[in-house]
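Architecture at a glance
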Amino acid sequence: MTYDVKKVVEIDFDDVVGITIDDFNDHLCDLTGEPYLQDISWEVSGVNDGAILLTVLGYVEEEV
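All values derive from a computational prediction rather than experimental measurement. (Residues numbered from 1 in each chain as written. Predicted model: local features only at pLDDT ≥ 70, side-chain atom pairs only at ≥ 80, totals over all residues. Heavy atoms only, no water.)

**A short note on the sheet that holds strand β2 (residues 38-48)**
Convention followed: One requirement defines pairing of two strands: DSSP has to find at least two bridges between them. Strands are runs of DSSP state E lasting at least two residues, helices are runs of H or I lasting at least four, and both sets are numbered from the N terminus onward. All axes here are fitted lines through C-alpha atoms, helices being fitted over the stretch that makes contact, and every angle between N-to-C directions spans 0 to 180 degrees. Any pair of residues with heavy atoms lying within 4.5 Å of one another is described as a contacting pair.
The sheet built from 3 strands is open, its strands ordered β1-β3-β2 with antiparallel pairing. On the outer flanks of this sheet lie β1 (2-11) and β2, each paired with one strand and no other. Here the strands of the sheet are splayed against their neighbours by 20° on average, with no regard to which way each runs. Contacts from helix α2 (residues 21-32) reach β1, β2 and β3 (51-61), with the element oriented near 95° to β1.

Below, the structure written as structure tokens:
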């Protein structure tokens, strides 16, 4: 079974400066609560008290 994911998360810029794309994707998985998120994309959707709001998109394929 596969399901789509679209969640808004807050990113602290200081936490992600200088990390690799793989580490950034792992961080997004943690923030979305979807450890098996695949085909990750994101877009900036705003700012909240200095934190950057990202809309994170992807899908999860569950093993049956």
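Read on for the rest.
**A word on the side chain of Thr55**
Here is the rule: In protein, a polar contact means a hydrogen-donor-capable atom and an acceptor-capable atom, both N or O and within 3.5 Å, with residues adjacent in sequence counting only if both atoms are side-chain atoms; elsewhere, any N or O pair within 3.5 Å suffices.
Its place among the elements puts Thr55 in strand β3. For Thr55, the side chain forms a polar contact with the side chain of Ser45, separated by 3.2 Å. When sequence neighbours within four positions are dropped, the list of residues in contact with Thr55 reads Lys6, Lys7, Val8, Ser41, Trp42, Glu43 and Ser45.

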